[in-house]
Amino acid sequence: MSSIEKEIAQSQEKVNLDSRLAVEQHYIDPSPIHGLWALTNRDLRKWYTNPFQLFMSLIQPVIWLGLFGKALDFGAIFSGSAPQLSGAIVSSVFGTSSYFSYLAAGMLTFVILFTAMFSGMSVVWDRRFGFLNKVLTTPVARGSIVMAKVLSSVARSLVQAAIVLVIAVLLGMDISKMTLLGVAGTFAAMFLMAIGLSSLFVMLALRSSDWQTQMAIMNLLNLPLLFASNALFPSKFMPEWLQYIVKVNPVSYATDAARQLLLGSPGMVSLSFDFSFLLGFAILFSVIGIVMSWRYLTK
Amino acid sequence: MLGNMHGTNHHYNSSIIEVRELSKHFGKLKAVDQITFEVKEGEIFGFLGPNGAGKTTTINMLTTLLPPTSGEARVCGFDIKREAKEVRKRIGVVPQEYTADEDLTGMQNIMLCGELYGINRGELEKRAKELLRLVDLADAADRKVSSYSGGMRRRLELASGLVNNPRLLFLDEPTLGLDVQTRTAVWEYIRQLKEEYNMTLFVTTHYLEEADSLCDRIAIIDHGKIVKVGSPTELKSGLGGDVIQLTVDNSSDLTDEISKIEFVKEVKKVDSSYRIKAEKGEEAAPLIIELIRSKGLHVTRISVTKPTLDEVYLEYTGRAFRDDEDPSRVWAQRMTMRRARA
């Protein structure tokens, strides 16, 4: 066979080699985010087909609401010494008629923070059980793998926040200033915070196959994020150094937005600042998460 | 059974995997050290070596899971570093561990896998059903994977590795940890799938018998280096041939005459028995019998033994195959790899 014939034969072979793929293309979704919904749905399915898990994830915020919210009745402290003033004091301190109502808004962000935290954990499990390795050998975009974790965590946390809100209202949250628009706005703020926080925790788990380390990271971050915010207590009574931390903590802005929108409280900052901050936080961390996945999401 | 792949398949001569001086270092450990080899379209290529030899690391690089430290590789004609996505579209991977999601059913697992390739749902459903039937899991399709046995899971992994109709399937220790019966069954499926889909298979294993009976060609890898590549027959004949043992009913010495026979390389006599090394044992044996008869003597006992891959392995690595698996060494190596990764 002459060299030219050889060359022709070789190029013919190349064509044959890819002919199967050419047929396949017909069935293939060329969208760069294909698989995103499939992966998101996989995580969500684990949750909604398992009522026990759903129930367990609600217990903690409900216990906090019931025990913490009802036990720490800060209003009662004042009603003993100056009963006629207590209403005014509670309202000036908490911006609403009771500490319970104040805390209820904080509990919404609390439940989102805790759900977001576990989004990182599920990356670790997927790595350990080999599922992640399998996914990594498919042409699905690395960013989709990360965003699926984020989106499933966001969906889960918003549903949980909605249930917590209903329970809080049933337990006596002040609804005198609550509007449908206010509730919608609150969930928009929660949505942004959930995206940012889930991205953060997923990002921290990208390289990890060790769940103990991941647990340690979660505990290290979640309590400061919760306590160094206005979720449980007004930040204006905190020492000055702590207030700086409160002011960079996204949990504070989501809670602040929720209180303004649900309870009509005077805000820490304006609503537009709350939303700008949360939007920036969500975009920044999801972009960092996606970029990091290109580099670090390997075996 | 595998004969049809030789010659008749016109894809056979083009390379589907080309590897040039590929290396992967984890810190100081050279898990894979400058390996170079090719896999031809349509063949079953075996990657043989003990635990920790670098088999899985090589697969991880070729399947774009791990970036190489240096060197190059093209899989299905695409560069594993720069064109990883094109490679991923064309390959199927059946990893060593079970990767299926236990909370989903077999069907849901395959559907999920297919969606990650972007296959549209109508086509995918058809394909998933067909694959499940092929691996005999049609009846268990709607059961959660957590209720599957080891053999069933292995088959499910096989099926989901095939969902994108790959040209090249990577199988990392497909029979590891399975009992002998299940192992045979899994290989039977692999053979069947290969015929059905006309694929190239890249298989790692440390079961020598499996590599011997299934693979068209084998690479022996040890300490991250490829020490030998060839067909099982080539590797074995490289050892200096078959061993013929025979006993004659008379102790007169025929050593010199036997040595002159074609194919015979070496003759040793012990009492009235001979131990003969010959290149083609089956062809040499009748000639030897004829010679002995022509001297008026009788052969009372004869055996022809082919060398096994065990001996090949011993020859090229200097170690017996199973002696090598010192668990502490393998463990130490795993830990190094894990630390280097973080």
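By convention here, each chain's residues receive numbers from 1 onward along its written sequence. A letter from A marks each chain and a number from 1 marks each ligand, given out in the order of writing. Local features in this predicted model are restricted to residues whose pLDDT is 70 or higher, and side-chain atom pairs enter the listing and the counts only when it is 80 or higher, whereas totals over whole chains, interfaces and linings include all residues.

Asker: Please set out the overall build of chain A residue by residue, giving values where relevant.
Answerer: Helix and strand counts for chain A stand at 13 helices and 0 strands. Secondary structure elements of chain A, listed N to C terminal, follow the sequence α-α-α-α-α-α-α-α-α-α-α-α-α. Burial is judged by counting other C-beta atoms within 10 Å of a residue's own C-beta: 20 or more means buried, 12 or fewer means exposed, and anything between counts as partly exposed, with every C-beta placed from the backbone. Counting the 299 residues in chain A, one finds 42% classified as buried. Working definition of a contact: two residues with C-beta atoms, positioned from the backbone, lying within 7 Å. Look at the contacts in chain A between residues 6 or more apart in sequence, and 83% of them connect residues 24 or more apart. Numbering goes from the N terminus for both helices and strands, where a helix is a DSSP run of H or I of at least four residues and a strand is a run of E of at least two.

Asker: I'd like to hear about the overall build of chain B, residue by residue, with values.
Answerer: On a plain count of helices and strands, chain B comes out with 12 helices and 14 strands. Within chain B, the fraction of its 342 residues that count as buried is 42%. Within chain B, contacts between residues separated by at least 24 positions form 69% of all contacts whose residues are at least 6 apart in sequence.

Asker: Summarise the interface of chain B and chain A; cite the residues concerned and give the values.
Answerer: Listed per partner, the contact involves 32 residues of chain B and 28 residues of chain A. Put simply, the parts of the chain that give the side of chain B that touches chain A at least two residues each are helix H2 (84-90) and helix H3 (106-116) of chain B. Of all the elements, H2(B) adds the most residues to the side of chain B that touches chain A, at 4 residues. Class assignment of the residues belonging to the side of chain B that touches chain A gives a composition of 11 nonpolar, 10 polar and 11 charged. Polar here means any residue outside two lists: the nonpolar Ala, Val, Leu, Ile, Met, Phe, Trp, Tyr, Cys and Pro, and the charged Asp, Glu, Lys and Arg; Gly therefore counts as polar.

Asker: Kindly report on the sheet that holds strand E10 (residues 225-230) of chain B, identifying the contributing residues and their values.
Answerer: Residues and elements named next belong to chain B. Strands qualify as paired when DSSP identifies two bridges or more between them. Strand order in the open sheet formed by 6 strands is E6-E7-E8-E3-E9-E10, with mixed pairing between adjacent strands. Each end of this open sheet is capped by a strand with a single partner; those strands are strand E6 (91-94) and E10. Strand-to-strand twist in this sheet, taken as the mean axis angle between neighbours without regard to direction, amounts to 15°. Where strand E7 (residues 168-172) meets strand E8 (residues 200-205), 5 bridges bridge the pair, whose relative direction is parallel. Counterpart to Asp172 in the pairing with E8 is Thr204. For every element, the axis is a line fit to its C-alpha atoms; helices are fit only across the contacting stretch, and the angle between N-to-C directions ranges from 0 to 180 degrees. Helix H1 (residues 55-62) contacts strand E3 (44-48), E7, E8 and strand E9 (217-222) of the sheet and is inclined by roughly 150° relative to E7. Packed onto the sheet, helix H11 (residues 309-317) meets E9 and E10 and runs at close to 45° relative to E9.

Asker: Provide a residue-level description of unusual backbone geometry, including the pertinent values.
Answerer: Residues and elements named next belong to chain B. Unlike most non-glycine residues, Glu21 shows phi in positive territory, near 45°. Here Glu21 shows up in strand E1 (residues 15-26). By C-beta crowding, Glu21 is classed as partly exposed, having 13 other C-beta atoms within 10 Å. One non-glycine residue, Cys76, lies in the positive phi region at around 55°. Tracing the chain through its elements places Cys76 in the loop between strand E4 (70-75) and strand E5 (78-79). Judged by local crowding, Cys76 falls into the buried class, with 22 C-beta atoms found within 10 Å.

Asker: Outline helix H6 (residues 99-128) of chain A, supporting the account with residue identities and numerical values.
Answerer: Since the α-helix advances by 3.6 residues per turn, residues separated by three or four positions end up pointing in the same direction. All names here are of chain A. Multiplying one less than the number of residues by 1.5 Å gives the expected span of a helix. End to end, H6 covers 43 Å across 30 residues, agreeing with the expected 44 Å (1.5 Å per residue, within 8%). A maximum bend of about 25° is found in H6 at Gly106. Within H6, 24 of the 30 residues are buried, leaving the element largely enclosed by the surrounding structure. Two residues or fewer past H6, Gly130 is found with a positive phi of approximately 85°. Two axes enter the bend calculation: one fitted to the seven residues ending at the residue in question, the other to the seven starting there, and the bend is the angle between them.

Asker: Break down the environment of Thr64(B) for me, citing the residues and quoting the values.
Answerer: Turning to its location among the elements, Thr64(B) is positioned in the loop between H1 and E4. Linking Thr64(B) and Thr255(B), residues 191 residues apart in sequence, is a C-alpha distance of 58 Å. Look past the residues within four positions of Thr64(B) in its chain and what remains in contact with it is Thr137(A), Ile80(B), Ala84(B), Val87(B) and Arg88(B).

Asker: Describe the nonpolar core, with residues and values.
Answerer: Of all hydrophobic cores here, the largest spans 145 residues; its most connected members are Leu108(A) and Ile112(A). In terms of residues, this core owes the most to one element, H6(A), which gives 16 residues. Sequence-distant contacts of Ile112(A), that is, excluding residues within four places in its chain, are made with Ser157(A), Ala161(A), Met190(A), Met193(A), Ala194(A) and Leu197(A). Nonpolar cores are identified as sets of buried Ala, Val, Leu, Ile, Met, Phe, Trp, Tyr and Cys residues joined via C-beta atoms within 7 Å. Of all hydrophobic cores here, the second largest spans 13 residues; its members include Ile244(B), Leu246(B), Val264(B) and Ala285(B).

Asker: Give a description of the packing of helix H9 (residues 180-205) of chain A against helix H13 (residues 271-296) of chain A that names residues and reports values.
Answerer: Residues and elements named next belong to chain A. Relative orientation of the contacting elements H9 and H13 amounts to 30°, with a least axis distance of 8 Å. With respect to their mutual orientation, H9 and H13 come out roughly parallel. The crossing of H9 and H13 is left-handed. For the pair formed by H9 and H13, the contact residues are Ala189, Leu192, Met193, Ile195, Gly196, Ser199, Leu200, Val202 and Met203 on the first element and Asp274, Phe275, Leu278, Leu279, Phe281, Ala282, Phe285, Ser286, Ile288, Gly289 and Met292 on the second. Looking at the contact of H9 with H13, its residues break down into 15 nonpolar, 4 polar and 1 charged. Relative orientations are named as follows: roughly parallel for angles under 35 degrees, roughly antiparallel for angles over 145 degrees, roughly perpendicular for angles from 65 to 115 degrees, and oblique for any other angle. Helix crossings fall into two classes, left-handed where the near helix is turned counterclockwise from the far one by less than a right angle and right-handed where it is turned clockwise.

Asker: Explain the sheet that holds E4(B) to me, using residue names and the numbers behind them.
Answerer: Residues and elements named next belong to chain B. If you walk across this open sheet you meet the 4 strands as E2-E1-E4-E5, and the pairing is antiparallel. Each having just a single partner strand, strand E2 (29-40) and E5 make up the two edges of the open sheet. Of the strand pairs in this sheet, E1 and E2 are connected by 8 bridges, and their pairing is antiparallel. In the sheet register, Glu18 faces E2, and the bridge partner there is Glu38.

Asker: Could you give an account of the packing of helix H2 (residues 36-48) of chain A against helix H8 (residues 142-170) of chain A, naming the residues involved and the relevant values?
Answerer: A pair of packed helices is characterised by two quantities: the angle between their axes and the separation of those axes. Residues and elements named next belong to chain A. Running from N to C, H2 and H8 point in directions that differ by 40°, and their axes come no closer than 8 Å. Taken together, the axes of H2 and H8 are oblique relative to one another. The two elements H2 and H8 cross, and the hand of that crossing is right-handed. Residues Leu36, Leu39, Thr40, Asp43, Leu44 and Trp47 of H2 touch H8, and the partners they reach there are Ser144, Ile145, Met147, Ala148, Lys149, Leu151, Ser152, Ala155 and Arg156.

Asker: Kindly report on the confidence of the model for chain B, identifying the contributing residues and their values.
Answerer: For any part of a model where pLDDT is low, the fine detail of the predicted coordinates should not be relied upon. Residue and element names in this part refer to chain B. Values of pLDDT, ranging from 0 to 100, describe the predictor's confidence in every residue of the model. Confidence in the prediction of chain B, expressed as mean pLDDT, is 84, and 89% of residues score 70 or more. The secondary-structure element of chain B with the lowest mean pLDDT is helix H12 (residues 327-341), recorded at 59, while E4 shows the highest, at 95. Every residue in residues 1-12 is under pLDDT 50, and counting partners more than four places away or in other chains gives 16 contacts. Across residues 321-325, confidence stays below pLDDT 50; counting only partners more than four residues off in sequence or on other chains, it has 9 contacts. Here the prediction assigns the complex a pTM of 0.80, and the interface score ipTM is 0.80.

Asker: So, the pairing of E3(B): which residues are in play, and what are the values?
Answerer: Consecutive side chains along a regular strand alternate between the two faces of the sheet. Residue and element names in this part refer to chain B. Of all 5 residues that make up E3, 5 are buried, and the element is covered over most of its length. Side chains Ile44, Gly46 and Leu48 project from E3 onto one buried face, and the interleaved Phe45 and Phe47 project onto a second face that is buried too. Relative to E8, E3 is paired through 5 bridges, and the arrangement is parallel. Bridge pairing in E8 places Ile44 opposite Leu201. Note that E3 and E9 share 4 bridges and pair parallel. Note on E9: the bridge partner recorded for Phe45 is Arg217.

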